[in-house]
Structures are given as C-alpha cells and as structure tokens.
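Structural characterization, general
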Amino acid sequence: MSTAPQAAPRSGGLLGSAAVVVLVALLLAWSVVDEWRFASQRIGVLISQDEQGVLIEDVEPDSPAERAGLQSGDRVISLEGRAFSTLEELDELFDRHQQPGGVLRGEVARDGRTLPIELEPGVPIDLAGLLAKFVLVAAYLGLAALASRYRRQDPRARILTLFVALVAVELALPAGYTLGELAVTGTLLFWLLSTGVQFAMELHLVSLIPKRLPLLQKRPRLVWVYYVIGFGSGFLLASAAVYQWYLAPPDGPPLLMWTETAVLVSWAVSVAGILAWQAWRAESARETNQALMVLAGLLPWAVYIVVSSVWPGWSRIDPALAEHIENVILLIFPATVFLAIFRYGLFDVESLVRRGLVYGAVALLVIILLYTLLTTALPLFEQAFGLRTSQWIVTACALIIGILFRPLRRGIERLVERGLFPKRRALRHRLIQVARALSTQGRLETLVQQLADESRQALDLSWSAVVAVDEAQDGLTTAFSRGIEADRRERLTSLLHERSRAFGHLERLRRPVTVNRLRRQDEQSAEELAAIGAEVLVPLYFQRRMIGTLCLGRKHNGELFRREEIELLDLFSHQVATSLENLRLFQDATYEELTGLLRREVVLRQLDTEAARAVRRGTPLSVCMIDLDHFKSVNDAHGHLFGDRILSRVAGVMRERVRAVDAIGRYGGEEFLLVLPETDDEGARRLAEELRQAVADLAFEKPDGSGTLGVTISIGTTTSASGKDAPERLAARLLQRADEAVYRAKSGGRNRIIALP
Ligand SMILES: Nc1nc2c(ncn2[C@@H]2O[C@H](COP(=O)(O)OP(=O)(O)OP(=O)(O)O)[C@@H](O)[C@H]2O)c(=O)[nH]1
C-alpha cells in the first residue's frame, strides 16, 4: 500500500526531468540551425524603410555588403531582377533565396546614379555566442539536476528545480532570426508568460531562503498571492504584446515596453528586497551566508534590469557588449547558488555528490588548462625545433601529464577538502581519533561511556547515549554522557531495547537515521524519541548483528544534522561496533561473570608469565591465595543468591585495592588467586592485611531483614626468592606454597594471614 504512492512521484519526476532535458536539447539544436541559417544569409547591413523605399543605414566592416561595395546611404532598388520598396518584400525575397553560397545580383541608387551590385551572403557563424548560450543552459540545467535530488526533502529545492529548469528552457530558445512569423510570435509569447511564472517562483523561493518568511509561516496560503501576481504579470505582458502587434496603430505608445519595464523592475526590486531582509534577520551565521550568497547572485541581475529599463543611455550601448554583460550576469546566479549549496549548506547535499562535482570541475579545469598550454606551445616548439622534434616533445609532455594525473588528482582532492570542506575534514579526523582511542579501551563499560561522551563532544550535542544489547543478561546495558537525566534515560532504554519496534526498524534500515526519517516507519516511536530530544539514531552493527544503538540528542547551536555528518557517523559506527564486539569477546574470554575477576585459566597463565619475567629479571614475585571463611554456612543460612552478592562485593573490594599490574582471579568457588609482580614478602603481607581488613569492614543486610552480616577471609602468601628456579617450577611452587599457607591460616583460626617463604 505504502510503496505505490511513493513510487509514482519518483517515476513522474524522472519523466519530467527527461522531458526537460529532451526539450532543452531540441531547442539548442534548433538554435544552432537557426544561427547557421541566419549566418549563411547575412550580408551585414542595417536597413530601414521610408517613403522612398529601403535605405541602407549602416554597413558592417568586413561583411559581404562591404565587399560588394555597399555604403550607408545607398537605396536598394532591386534584387534578382525584382524591384521592391518595402522591408516585407525584401524579407520575402530573402526567404526564397535561401541556398547558401549563391550570389545575389541587384541594383542600388547612390547620389542619383544606379549601380549594379553582386552580393555573396554569408558570415561566419557566431560560435562565441552559441558557446555562451550552451554554457548558460548547462549551468542552469546542472543546478536543476542537483536541486532535483533534494526536492523530496526540501521545498526550496523543489521550487529551485522548477525555476531554474524554466530558465534553462527559456535560455535555450532559438533567437528566431530565420523562424517563420508564427514561431517568432509563439516564442515571444512563451517568453512573456514564462517571465510571469518565474517572477512568482522566485518570490516564493526567496521567501524560503534561508527559512520560510514569518508571515508565510503563520499564513501558508498567502503564497498564492505570489502566483496570482506572477501569472497576472505574465498575462498582462502577453496581452500588451498582442494588443501592440495586432490592434494598436503603428505609431501608438510602446505599451509592451512599458509593461515589461514595470514587471521586470518590480520583480527585481521585490526579490532582492525580500532576500536582503531575510539575510538581515537570519538567526545564524550560516543562514545569513546562505541568503547573502543567493542575493549576491541575484543582485547583478536586479541592478541590470533596473538600469537597462530606466536608464535611456542603455539603448546606445553596443548590442554585442550588452549581450556579453547579460550572459555574465545570468551566469552569476547559478554560480552563487552552487556556492550557497556547497559552502553554506543551502541543501543537505550528500558528500559524495558534493565532492564528486567539485573534483570533477577542478579536474576538468586542470585538463583544459594543460591541453591549452600544450596546443599553444606546439607552434612555438615547431618554430624552435622543427616539426619532428616538437612532435616528440608534445608526446613526452602528454605522457608526463598521464603519469602525473593520479598524484595531481590526489593533491587536488586534498586541497579541495582542506579549502572547501574544513568542517567535514575536522569532524572526520575527530571521529577517526575517537574510533582509534576506543579500540584501545580495555573495559566494556569505559568504552561505552567514552563512546557516548566523545560523540557528544565531537558533534557538540546536548546529550548522547549508548543503548547496548547485553546477551549474557538477556537485557540491556546503557551508558550515558552528561546531559540526560535518569527518567529520560530509562524511557530511551525502553524505546530502544532489543525487542522494541524502533530497534526492529533500525535493524532493517542498517544505517543511521534521523528521528524524523523514522517517522515514515513508526510514527509513535519517532514521536516518543523526539519528545526525549533524540535527533539521530546510529545502529551499531557487527557483521550481520545489531549490537546496540548510539543515540544522539540535539546540537547545542540548534542546527540540524547534515547528511555528511550522518554519513561519517555511519562509517564511524562500523569501527566502533567492531571495537565494542571485540572487547566483549575478549572480556567474556578473560573475565569471570559473577565477580568480574580474571578466569582461573587466565590468572594461571598470568602467573606463568610473571614467573618467567621474575626469573628473567631476577625480581621478586608474590602470590596470595584468598579464601572466604565459613562461606558454606552463609549459603546454607541465607541462600545462594545472597552468597553470590557477597562474592561479587568482596571481589569488587579486592579489585579496587590491587594495582593495575597485579592479576586477581577467581581460582575456585570462594577462593581467589592474586599474583603480585615485583613485590617482596613484606609488600605482599601489607597488601594482604589491607584486603583482610577491608573485607572484614563490610556489612551485608541479611535477606530476612534481621540485621547485618560480616564476612572474613583467610590469606596465604608466599614470595619467590629471586632467580633460583626454572619459571614453570617457580609458578607451581608458589601456587602450592600459597595453598599451604591459606590452609594453615584456616586451621589457625581463620580471618588471618600466613606467609610462607
Ligand atoms: N553462593 C555461592 N556459593 C558458592 C559459590 N561457589 C562456591 N560456593 C559455596 O562455597 C562453599 C564453600 O564451602 P567450604 O569449602 O566447605 O568452605 P567454607 O564453608 O567457606 O569453610 P572454610 O573455607 O573452611 O572457612 C560451598 O557451600 C559452596 O557451595 C558461588 O559461586 N556462589
């Protein structure tokens, strides 16, 4: 049920994009044909018509007209044997005489004389103009393609996509020099109507950058006003055009021009004004920069519109220069919007797309630069060394470029990364460091705690938590950084435990998701998580198993998580999960469950290692055997569970008091083995006494509530005389002597220490 409505817009979007691309390609092809036909027909004169006929006002230098000897002031009398007196008749004749390369013969009148002329129409095609058009269309279409990737998540991207796609279509329209009248009229009407639509869209767009205008937040329906204004303007322009072309007298007022000026100037002033206001009231530096960047792209165009509409001197500017200026101005907008997207995160662009585009553009530039250098250098080489040698030189250069390409690309990547994505780079470094630090952690609890703490600091979050699956206890362990209080922590644990719905969704999605994204799967869990302040959930995966969730709260600066950050967290989570699982496996194999002390075989291995070291270095080594007194009666009187609690607590007390280099393990049921490297008999006795005292000080609430119970331990210690034994014999002897000592302590009355040499 739910997939069908999602699939429909996707294929619809794809079809729409394909249609726009095909349309633009067709229009561009048509423009090339139009330009080519126009160039092949051009003779290079500016003509006008008066009562006496067609007058040549100006002749372009180096044009077919100049080569034929035409001068300004000449009157054209006839062409190809046909006399004419109006421009329409001349156009008609040109239309019929369209084969390129043909010669036109005619007569002109000059100073009362009639002169024969032979014209060979055709000028070189305006390649620079066409190229500029292609670049402009590509820039707008590229922006549309980029924005369309995010149109589902971001309304700004949706409007920008439509807006720039419409501009691309408009820019791709042929100039219409050689089109029939109907096509020219159609093109112009399309242009006028699309001006209105673009006006509305741009008003809408700037009202959302960086955020929705407060007025629109309160009254979303007001957005229709923009479209009424836009469509109204388009309709007004088209009506003015139709009236002027078909209904008004030829010497009537320039109604279309007036309407055009009014619409374009209102458009330019209103969008620039809204954007400036948006930039001014933006809440964060990033938002201000987003608005300012887009404004920087819009402002030149707005100024150009106002100046060219209001300043009369504009019409006297060379049309070729005016076209260049217009092209540059039109190119600024997509360029700055690209920058606003990449530099200031206008949309949440995936890092892959972001970096791919930047590297692609930079690599293309470098290649163009290198090949331009080569082609300019080739003639110079040829002059200096002759053709053959210069060919060798160029081949060698091309080869060197090929060899250098990879290191060059890597260098460019590094530069771009450093210059354009400093935050991403810093975060990546930080996360790598954290992952590395975590992998060296020796205790699970510390690792989980550190993971929560470090991720919170790296992303500057209000809080962060880890909810880890603990299979041994068939429950959950959680560890939290500062910033979250107990009741929220508990709710979080219950929302993300192994059998919870959210856990199941995360298990299926297998990647970090925002709580917002989770809404699509599970509205209720997402709602509850959002209420706790959770923003992003990062599942921790080891191989194919989800072993927990890293849960991230809101950022301190109030910004949303960026897609890039989530991508980095994804990579990070895999490393962390591996460390977590490795440590868990290590701990299971190393530590005994009830007491958290080393397992018997591990502490015995440790004894062997230390014995070998002691023999090698000639240092003393002490061993203590520790046994709980009358533990059977405790168990018998109060039950095994109570006994377990005592064992665990006594173990904890002892663990706290030994050094990090000491090894303490559970040797038997209520018997512990302590290995003390580089410790003489005096040191061992002191420590044993400290442990005995600490345990004797403990008081346990009896399960039946009848007061408290104390326990005591007996300890047997022994110390190696340095360097006498072979290591394996030393270990066995120490063990046997410690055992004997504890036996004597027991028989001596318990709660005491016996030291044997
Ligand atoms: N609750 C609990 N009891 C244990 C565990 N392992 C061993 N025990 C008990 O520890 C008791 C050891 O009894 P004994 O070896 O007779 O020694 P004791 O009663 O401590 O007497 P002394 O050592 O002579 O002081 C037994 O009752 C075991 O059941 C355990 O993991 N949990």
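Refer to the preceding data block for the structure.
Residues numbered from 1 in each chain as written. Predicted model: local features only at pLDDT ≥ 70, side-chain atom pairs only at ≥ 80, totals over all residues. Heavy atoms only, no water.

1. Points about the nonpolar core
Ranked by size, the top nonpolar core spans 75 residues in total, and within it Tyr140, Val294, Trp301 and Phe347 carry the most contacts. Looking at this core, the elements with two or more residues in it are helix 1 (3–41), helix 4 (127–148), helix 5 (155–172), helix 6 (181–206), helix 8 (223–247), helix 9 (255–281), helix 10 (285–310) and helix 11 (319–344). Among the elements that make up this core, the one with the highest residue count is helix 5 (12 residues). Sequence-distant contacts of Trp301, that is, excluding residues within four places in its chain, are made with Glu202, Trp267, Ala268, Val271, Ile329 and Leu330. (Core = buried A, V, L, I, M, F, W, Y, C linked by side-chain atoms within 4.5 Å. Buried < 20%, exposed > 50% of the residue type's maximum accessible area, 1.4 Å probe, protein only. Helix = DSSP H or I, 4+ residues; strand = E, 2+ residues; numbered from the N terminus. Contact = heavy atoms within 4.5 Å.)

2. Remarks on the site of the ligand
Taken together, 16 residues lie around the ligand, and His630, Phe631, Lys632, Asn635 and Arg666 are the ones closest in. A distance of 2.7 Å is found between an oxygen atom of the ligand and a backbone nitrogen or oxygen belonging to Lys632. In this structure, Lys746 approaches the ligand through a side-chain N or O atom, which is 2.8 Å from an oxygen atom. Protein chains bury 69% of the 660 Å² of accessible surface belonging to the ligand in isolation. Counting residues per element, the ones that place at least two in the shell around the ligand are strand 12 (621–628), helix 22 (631–638) and helix 23 (640–657). For the shell around the ligand, the element with the highest residue contribution is helix 23, accounting for four residues. Grouping the constituent residues of the shell around the ligand by class yields three nonpolar, five polar and eight charged. (Near = heavy atom within 4 Å. Polar contact = N/O pair within 3.5 Å; in protein donor to acceptor, adjacent residues only side chain to side chain. Areas by Shrake-Rupley, 256 points an atom, 1.4 Å probe, with all protein chains shown as cover. Nonpolar A, V, L, I, M, F, W, Y, C, P; charged D, E, K, R; others polar.)

3. Some details on the sheet that holds strand 12
Taken in spatial order, the five strands make up an open sheet running 13-14-12-17-18, and their pairing is mixed. Across the chains shown, the open sheet's two edge strands, defined by having one partner strand only, are strand 13 (663–666) and strand 18 (753–756). Going from strand to strand, the sheet's axes swing by 15° on average, the running direction of each strand aside. Taken together, the four bridges between strand 17 (residues 713–719) and strand 18 define a ladder with parallel strand orientation. If you follow Gly716 over to strand 18, its bridge partner there is Ile754. (Pairing = 2+ DSSP bridges. Axes fitted to C-alpha atoms, helices over the stretch in contact; angles between N-to-C directions.)

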